[in-house]
Amino acid sequence: MSLVDDELARAEANSEESRRRLANTVVALQSRLKPSVLARDAIDELKEVGGDIAKSGVDAVKRNPLPAIGVAAAVTAFVARKPISRLFRKKPAPDEKRKDK
């Protein structure tokens, strides 16, 4: 074989190896980019981040319980504002009922 034939054979072997590596990379990317895999990864990440946030929130409440109680009371008062306002409304005395007749 001549020098040119040797170089050509090496170039073809390199080309074939590069094609094989590229095909493997494409297969790996396709498996990682499936919607189900992406959704699972996103859910796992959200679980991890949510757990970290919850843990830091619990730690903050343990360090400062009074502000947390105040916030909880304010939220409860806001949510139950209508029933609470009905409790404090002045009810008319029985003899002060309106007479529409």
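This paragraph deals with the overall build of the protein. Looking only at helices and strands, one finds four helices and zero strands in the protein. From first element to last, N terminus to C terminus, the protein shows the α and β order α-α-α-α.

Enumeration according to the criterion identifies three salt bridges in this entry. Two residues, glutamate 17 and arginine 20, come together in a salt bridge whose shortest N-O distance is 2.4 Å. With glutamate 17 and arginine 20 both in helix α1 (residues 3-32), this residue pair falls three residues apart, about one helical turn. Judged by its relative accessible area of 41%, arginine 20 is partly exposed. The closest approach of N and O atoms between aspartate 59 and lysine 55, which form a salt bridge, is 3.5 Å. Taken as a pair, aspartate 59 and lysine 55 lie in helix α2 (residues 35-63) at a separation of four residues, close to a single helical turn. Taking the relative accessible area as the measure of exposure, lysine 55 reaches 53% and is therefore exposed.

Together, Arg81, Lys82, Arg86 and Arg89 line one region of the surface with positive charge. Mapped onto the elements of the fold, lysine 82 is located in helix α4 (residues 81-88).

The tally for this structure, following the rule as stated, stands at zero aromatic pairs. We note arginine 81 situated over the ring of phenylalanine 78; from NZ or CZ to the ring centre the distance is 4.3 Å.

Side chains of Asp41, Asp44, Glu45, Glu48 and Asp52 sit close together on the surface and give a patch of like negative charge. Within the fold, aspartate 52 resides in helix α2. For aspartate 52, a relative accessible area of 48% puts it in the partly exposed group.

This part takes up the confidence of the model for the protein. Per-residue confidence for the protein gives a mean pLDDT of 87, with 89% of residues at or over 70. No element of the protein has a lower mean pLDDT than α4, at 86, and none a higher one than α1, at 93.

Analysis parameters
In this convention, every chain numbers its residues from 1, walking through the sequence in written order. For a predicted model such as this one, the threshold for reporting local features is a pLDDT of at least 70, and the threshold for listing and counting side-chain atom pairs is 80 or more; totals across whole chains, interfaces and linings nevertheless cover every residue. Side-chain figures throughout are based on the complete set of non-hydrogen atoms in the structure, without hydrogens or water. What counts as a helix is a DSSP run of H or I of at least four residues, what counts as a strand is a run of E of at least two, and both are numbered from the N terminus. By definition here, a salt bridge exists when the distance from a side-chain nitrogen of Lys or Arg to a carboxyl oxygen of Asp or Glu is within 4 Å. Per-residue accessibility, obtained with a 1.4 Å probe over protein chains only, is compared with the maximum for each type, and a residue is labelled buried under 20%, exposed over 50%, and partly exposed between these values. Two joining distances apply to patches: 9 Å for like charges and 5 Å for nonpolar side chains (Val, Leu, Ile, Met, Phe, Trp, Tyr), and every residue must have over 30% relative accessible area and no salt bridge. Here the open area of atoms and residues is found with the Shrake-Rupley method and a 1.4 Å probe, where only the protein chains shown may cover a residue. Here Asp and Glu are counted as negative and Lys and Arg as positive; His is not counted, and neither are the chain ends. Lys charges are placed at NZ, Arg charges at CZ, Asp charges at CG and Glu charges at CD. The criterion for an aromatic pair is that two Phe, Tyr or Trp rings (for Trp, the six-membered ring) have centres within 6.5 Å, with stacked assigned to planes under 30 degrees apart, edge-to-face to planes over 60 apart and tilted to the rest. For a ring to carry a charge above it, either NZ of a lysine or CZ of an arginine must fall within 6 Å of the ring centroid while also lying within 35 degrees of the normal to the ring plane. pLDDT expresses how confident the predictor is about each individual residue, on a scale running from 0 to 100.

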